[in-house]
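What the coordinates show
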Amino acid sequence: MSTFQAPKGTYDLIPPDSATYLAVREAIAAPLRNSGYGYIETPGFENVELFARGVGESTDIVTKEMYAFETKGGDKLALRPEGTASVLRAALEANLHKTGNLPVKLWYSGSYYRYERPQKGRYRHFSQVGAEAIGAEDPALDAELIILADQAYRSLGLRNFRILLNSLGDKECRPVYRAALQDFLRGLDIDEDTRRRAEINPLRVLDDKRESVQKQLTGAPLLRDYLCDACKTYHEEVRELITAAGVAFEDDPKLVRGLDYYTRTTFEFVHDGLGSQSAVGGGGRYDGLSEMIGGPALPSVGWALGVDRTVLALEAEGVELDIPASTSVYAVPLGEEARRVLFAKITELRKVGIAADFAYGGKGLKGAMKSANRSGARYALVAGERDLAEGVVQLKDMRSGEQTAIGVNEIVAELESRLG
Ligand code: ATP
Ligand code: MG
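Note that the structure is predicted; figures quoted are calculated from it, not measured.

Taken together, the eight strands give an open sheet; going across it, the order is E1-E5-E6-E11-E10-E9-E7-E8, and neighbouring strands pair in mixed fashion. In this open sheet, the two edge strands, each paired with only one partner strand, are strand E1 (38-39) and strand E8 (250-251). The pairing of strand E5 (residues 104-113) with strand E6 (residues 125-134) spans 10 bridges and is classified as antiparallel. When the bridges of E6 are listed, Lys 105 appears paired with Ala 133. Sheet strands in contact with helix H1 (residues 17-33) are E5, E6 and strand E11 (300-306), and its direction is about 5° off that of E6.

Where strand E15 (residues 392-397) meets strand E16 (residues 403-407), five bridges bridge the pair, whose relative direction is antiparallel. Counted as the bridge partner of Lys 396 is Gln 403 from E16. Hairpin connection, E15 to E16: the antiparallel pair is bridged by five residues, and Gly 401 has positive phi, about 80°.

Here the focus is the pattern of salt bridges. Following the criterion strictly, the structure yields 30 salt bridges and no others. Close ionic contact of Glu 116 with Arg 122 constitutes a salt bridge, the shortest N to O distance being 3.0 Å. A residue is classified by how much of its surface remains accessible, and Glu 116, at 11% relative accessible area, is buried. A relative accessible area of 18% means that Arg 122 is categorised as buried.

Let us look at the site of ligand 1. In the vicinity of ligand 1 lie 15 residues, with Arg 114, Glu 116, Arg 122, Tyr 123 and Arg 257 positioned nearest. The side chain of Arg 309 places a nitrogen or oxygen atom 2.9 Å from an oxygen atom of ligand 1. Look at ligand 1: alone it shows 590 Å² of surface, and the protein chains cover 92% of it. Among the elements of the structure, E6, strand E10 (279-285) and E11 are those that each provide at least two residues to the shell around ligand 1. Counting residues per element, the shell around ligand 1 draws most heavily on E10, which supplies three residues. Residue composition of the shell around ligand 1, by class: five nonpolar, four polar and six charged.

What follows deals with the packing of aromatic side chains. A complete count under the given rule lists 13 aromatic pairs for this structure. With a centroid separation of 5.4 Å and an interplanar angle of 65°, the aromatic rings of Tyr 177 and Tyr 226 are classed as edge-to-face. Residue Tyr 177 is located in helix H6 (residues 174-186), and its partner Tyr 226 is located in the loop between helix H8 (211-216) and helix H9 (229-244); the two are separated by 49 residues in the primary sequence. Look at Tyr 226 and you get partly exposed, because its relative accessible area is 30%. Here the aromatic cluster, defined as three or more aromatic residues joined through ring pairs, consists of Tyr 153, Phe 161, Phe 267 and Phe 269.

Cut-off values and rules
- For every chain, the first residue of the written sequence is number 1, and numbering continues from 1 onward in sequence order.
- As they are written, the chains are lettered A onward and the ligands numbered 1 onward, keeping that order.
- Where totals are concerned, whole chains, interfaces and linings use all residues; where local detail is concerned, this predicted model gives features only for residues with pLDDT of at least 70, and gives and counts side-chain atom pairs only at 80 or more.
- With hydrogens and water excluded, all non-hydrogen atoms of the structure serve as input to the side-chain values.
- DSSP calls a pair of strands paired once it identifies at least 2 bridges connecting them.
- Numbering of helices and strands runs from the N terminus; a helix is a DSSP stretch of H or I covering at least four residues, while a strand is a stretch of E covering at least two.
- The contact criterion used throughout is that any non-hydrogen atoms of two residues lie within 4.5 Å.
- To obtain each axis, a line is fitted to C-alpha atoms, and for helices this fit is confined to the stretch in contact; angles are then taken between N-to-C directions over 0 to 180 degrees.
- When a carboxyl oxygen of Asp or Glu lies within 4 Å of a side-chain nitrogen of Lys or Arg, that pair is called a salt bridge.
- Relative accessibility thresholds used throughout: buried, under 20% of the residue-type maximum; exposed, over 50%; partly exposed, between the two (1.4 Å probe, protein chains only).
- For this description, a residue counts as near a given molecule or strand if any of its non-hydrogen atoms is within 4 Å of it.
- Residues adjacent in sequence count toward polar contacts only when both atoms are side-chain atoms; beyond that, a polar contact is any pair of N or O atoms within 3.5 Å, and within protein one must be able to donate a hydrogen and the other to accept it.
- Calculation of accessible area relied on Shrake-Rupley with a 1.4 Å probe; when residues are assessed, cover is drawn exclusively from the protein chains displayed.
- Basically, the charged four are Asp, Glu, Lys and Arg, the nonpolar ten are Ala, Val, Leu, Ile, Met, Phe, Trp, Tyr, Cys and Pro, and anything else, Gly included, counts as polar.
- Aromatic pairs are defined between Phe, Tyr and Trp rings, using the six-membered ring for Trp, whenever the two ring centres lie within 6.5 Å; interplanar angles under 30 degrees are classed as stacked, those over 60 as edge-to-face, and all others as tilted.

So, in structure tokens, the structure goes:
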């Protein structure tokens, strides 16, 4: 061990486990790539004001969890705590919404940073794959995103997750509900912090994870009883489309989520094997966000799925991903001449797309064969001076143990045909 350790609330992804993370990212991205979403990458930090406005001044993310700092040049920046505000900022900056091709559909994958109390499934540096569909108000789009997330989780072999669904209303009906909820909350015996929250953003009190608070909330007015006709119709259509796609969900009238920008459709994916860090992903419609960050009206919808928690969910369900060995051929040279010949051969193999590795460091036969085994390679190429004098190398099938001599000039063609 060195003098240093990974900072609190972070961990390193190292082989072989890191392969699972890559596979999870890939599995989440695949349905998006297949559905018209283009890849976007934005900086790891942004102007802090983007998040203050875009995520919401009163949210935990902005008030407690953001890594904000001032640069030597005096810029006030923050490490990104989430993806949506940045992606929308980038889309507006590049005028993607003006190409006349709405919705703009984008997906992303990367690291996010929140100063949280670290625990299992809750880190200060974590990874999300997300999708945003910008500039269209269409219940089919909300349904598409929910269906694609469901498809991603299922393709990984996850089964014990649930989809919670709610509508948060719009600027017509939410203010009426907000006032009614506030009235109700003012009549409760709650702590100072919660009281303040009830005044600034009463909906978020519904999201309080404490049981004592949840108990007091029984009988609180529910948004679904306040939805205007337009929101009701919209939500009903989303529900019908998801149902028709065979995707099961649960109506959760108390689901609000922590970010300020959501309107109408709101959803969360929860996994029952993760204890209190049960949310593996979430998202919803954010029709007002573009205007909040100085853009035109652009009704949009999106989600972000947590890669770390998805990996934990796989572990909880005992799902092992089928990850193919990264090396197909392992070369074991015995002597200087063999080193030169086999090194040239693995370079050739790599050029034709065969994954090959080499026993570096002048290992003896025994050590080199151990490494060949560990690499997971299907074949080993072993050559000593006597083999080369005859113009051959030994091709060993690592599964059957069978060994055959093949001509040095036939190596590439032979392995291409054997590995299909
Ligand atoms: P929670 O209620 O658990 O704090 P959240 O509502 O803050 O979650 P979102 O902002 O919706 O989470 O982020 C989407 C997903 O990113 C979450 O469902 C989760 O899987 C993941 N995520 C969020 N924060 C963390 C974290 N600190 N560590 C690991 N994963 C996280
Ligand atoms: Mg959170």
